[in-house]
Amino acid sequence: MHSKYQYMTGFGNSFETEAIPNTLPQGQNSPQQCHHGLYAEQLSGSAFTMPQHANERSWLYRIRPSVQHVGDFKPEPQADIRTAPCREPHALPIGAQRWDACPLPQQATSFVEGIHTMTTAGDSDTHSGMATHIYACNQSMENDYFFNRDGELLIVPELNGIIIHTEFGIIEATPGDIIVIPRGVIFKVRLSTDSARGYICENYGARFVLPDRGPIGANCLANPRDFKYPVAAFEDKECPCRLLVKWGGDLWSCEINHSPLDVVGWHGNYAPYKYDLRTFSPVGAIAFDHPDPSIFTVLTSQSEIPGTGNIDFVIFPERWAVAENTFRPPWYHRNIMSEFMGLIYGAYDAKETGFTPGGMSLHNSMLPHGPDSDAYEKASQADLKPVKLTNTMAFMFESYLLQRITRYAAELPSRQANYTDCWQPLRKYFPNK
């Protein structure tokens, strides 16, 4: 692999990069003959007639056109990958759910083989909704490659790092980073160590963008300069390879005789990227009251309803808590959004026990949830001095759509069957004499 671990910065920018000098044509996209005997190819992430600010496309200059990357497709076993709409029968009733971290596989398992779907929402065919997955793997993808037609992938490493080789270049990520792979981009995942685990949000809807800051103004939250895009890198490799494709909820494969990661140069604004969550600049209450979690939104996929997220990716990073005369943890609430939560490292202040790194919870639309009894007692009696929450990174995949639990999630041995017991010790204080 002709590789460089270098990045370009700036969210949503139009970039240009080449692994060999004089690869990119100047002044036109598809000349009669490309330099170095390459082929020009456009990858579009939006309809051609989208407004200019929303048009998403990149030009790729590759050794072989992608029509040679595909052969006769054959169906692959679905394993535990599911796509909305998905209504699998299972015995689990509605209610709050929580799972411990899943164990790492014992047999050889690649990234794609290690994907397990926890929830689905909406309908991938209508480009609405999402799915949440976990991955656990112990084998690198060497001659296997993958792309997802059904949505873009937001990957959240939790245990150990991964190296993602894409058509656009190489992205390294460790716990605390996220990676976004746009719909249709081919990639493979190699491991930094002997195993890896994490979370995936599959976004069927509008592409992830930065949220509007509104009254916050020009600064804070996620700043565009902290998003990193890979420089061009390519494989010129001829050997038996396999291309896996998730298309319409089904998994397919075809045999090819070369690597599909053969892009020598590219330019455009439709490309994978990574972001270090520790560069997020949080804002919060500096007098009293607990703000809505929307102030911690890193990325959003907007729905057709103004102000309503198809998906909001929200984090709870290190920060100061300084509000006075205020119950500082999240309050008890019921809301329209469904909340799938995970913990990358450390502890989460509203769930001090039972919620560990690699674990996850689901608090679905209009079902009540909030701090456990221990967190409530501690927070309601605390001396409200400024406190810094350190060594913590939790996140939520929120959606205005109902997240339906898969059979895999319902039957997972790591599900905490007694999770809702954490609220039973809450005492009745009324009337408080």
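The notes below deal with the structure included here. (Residues numbered from 1 in each chain as written. Predicted model: local features only at pLDDT ≥ 70, side-chain atom pairs only at ≥ 80, totals over all residues. Heavy atoms only, no water.)

Residue position: S338 is located in strand β24 (residues 338-346). The buried category is assigned to S338, whose relative accessible area is 0%. Of the polar contacts made by the side chain of S338, one reaches the backbone oxygen of L401; its length is 2.7 Å. Polar side-chain contacts of S338 include one of 3.2 Å to the side chain of Q403. (Helix = DSSP H or I, 4+ residues; strand = E, 2+ residues; numbered from the N terminus. Buried < 20%, exposed > 50% of the residue type's maximum accessible area, 1.4 Å probe, protein only. Polar contact = N/O pair within 3.5 Å; in protein donor to acceptor, adjacent residues only side chain to side chain.)

Next up on the list: the sheet that holds strand β1 (residues 7-9). An order of β1-β16-β20-β13-β10-β15-β8-β7-β28 is seen for the 9 strands of this open sheet, with the pairing classed as antiparallel. Each having just a single partner strand, β1 and β28 (404-405) make up the two edges of the open sheet. (Pairing = 2+ DSSP bridges.)

On to unusual backbone geometry. Between A84 and the following residue, P85, the backbone shows a cis peptide bond with an omega angle of 0°. On the secondary structure map, P85 appears in the loop between β5 (74-75) and β6 (97-99). Cis geometry marks the peptide bond from F430 to P431, where omega comes out at -10°. Along the chain, the position of P431 falls in the segment after α2 (407-410). For N22, which is not glycine, the phi dihedral falls at a positive 65°.

Here we come to the pattern of salt bridges. Here the structure, examined in full by the defined rule, presents 20 salt bridges. Between R62 and E167 there is a salt bridge, with the nearest N and O atoms lying 2.8 Å from each other. You can see R62 sitting in strand β4 (residues 57-62) and its partner E167 sitting in the loop between β11 (162-166) and β12 (169-173), a full 105 residues away along the chain. For E167, a relative accessible area of 3% translates into the label buried. In this structure, the salt-bridge partner of E238 is R64, at a minimum N-O distance of 3.0 Å. (Salt bridge = Lys/Arg side-chain N within 4 Å of Asp/Glu carboxyl O.)

Counting 87 residues, the largest nonpolar core has F111, L154, I155, L299, F313 and F397 as its most contacted members. Each residue touching F111, except ones within four places of it in the same chain, is listed here: Y135, C137, Q139, M141, I155, F187, V189 and I200. Listed in part, the 9 residues of the second largest apolar core include Y145, V245, C254 and L261. (Core = buried A, V, L, I, M, F, W, Y, C linked by side-chain atoms within 4.5 Å. Contact = heavy atoms within 4.5 Å.)

What follows concerns the environment of V156. By the secondary structure assignment, V156 is in strand β10 (residues 152-159). Among the residues examined, V156 registers a relative accessible area of 0% and is labelled buried. A C-alpha to C-alpha distance of 4.9 Å links V156 and I178, two positions 22 residues apart in sequence. Once residues within four sequence positions are removed from consideration, V156 is found in contact with Y135, D177, I178, G198, Y199, F313, I344, F395 and F397.

With that settled, the discussion passes to the packing of aromatic side chains. Applying the stated criterion to the full structure yields 21 aromatic pairs. For the ring pair F146 and F187, a centre distance of 5.7 Å and an interplane angle of 90° mean the geometry is edge-to-face. Here F187 lies in strand β14 (residues 187-191) and F146 lies in strand β9 (residues 144-148), a separation of 41 residues in the sequence. Its relative accessible area of 3% is what places F146 among the buried residues. (Phe/Tyr/Trp six-rings, centres within 6.5 Å; stacked < 30°, edge-to-face > 60°.)

The next thing to look at is helix α1 (residues 373-381). All buried positions along α1 are accounted for by S373, A375 and A379. Buried residues in α1, looked at end-on, bunch into an arc of 160°, giving them a common side. Facing away from the buried side of α1, by more than 90 degrees, are the exposed residues D374, K378 and Q381. The N-terminus of α1 is capped by D372, whose side-chain oxygen sits 3.3 Å from the backbone nitrogen of D374. (Arc of directions from axis to C-beta.)

Before going further, it helps to spend a moment on the sheet that holds strand β21 (residues 297-302). Either a parallel or an antiparallel arrangement is found when strands of a sheet pair, and the pairing is made through backbone hydrogen bonds. The strand order across the open sheet built from 6 strands is β6-β25-β24-β27-β22-β21, with neighbouring strands paired in antiparallel fashion. Looking at the sheet topology across the chains shown, the edges are occupied by β6 and β21. On average, adjacent strands in this sheet sit at an angle of 15° to one another, irrespective of strand direction. Judged from the 4 bridges that link them, β24 and strand β25 (residues 360-363) form a sheet pairing that is antiparallel. (Axes fitted to C-alpha atoms, helices over the stretch in contact; angles between N-to-C directions.)

Our focus in this paragraph is the side chain of D262. Looking at the secondary structure, you find D262 in the loop between β18 (250-256) and β19 (263-268). A distance of 3.1 Å separates polar atoms of two side chains, one belonging to D262 and the other to R62. Ignoring any residue separated from it by four or fewer positions in sequence, one finds D262 in contact with Y61, R62, I63, R64, H69, F234 and E235.

Relative to the assigned elements, A54 resides in the loop between β3 (39-44) and β4. Between the C-alpha atom of A54 and that of I286, which follows or precedes it by 232 residues, the distance is 36 Å.

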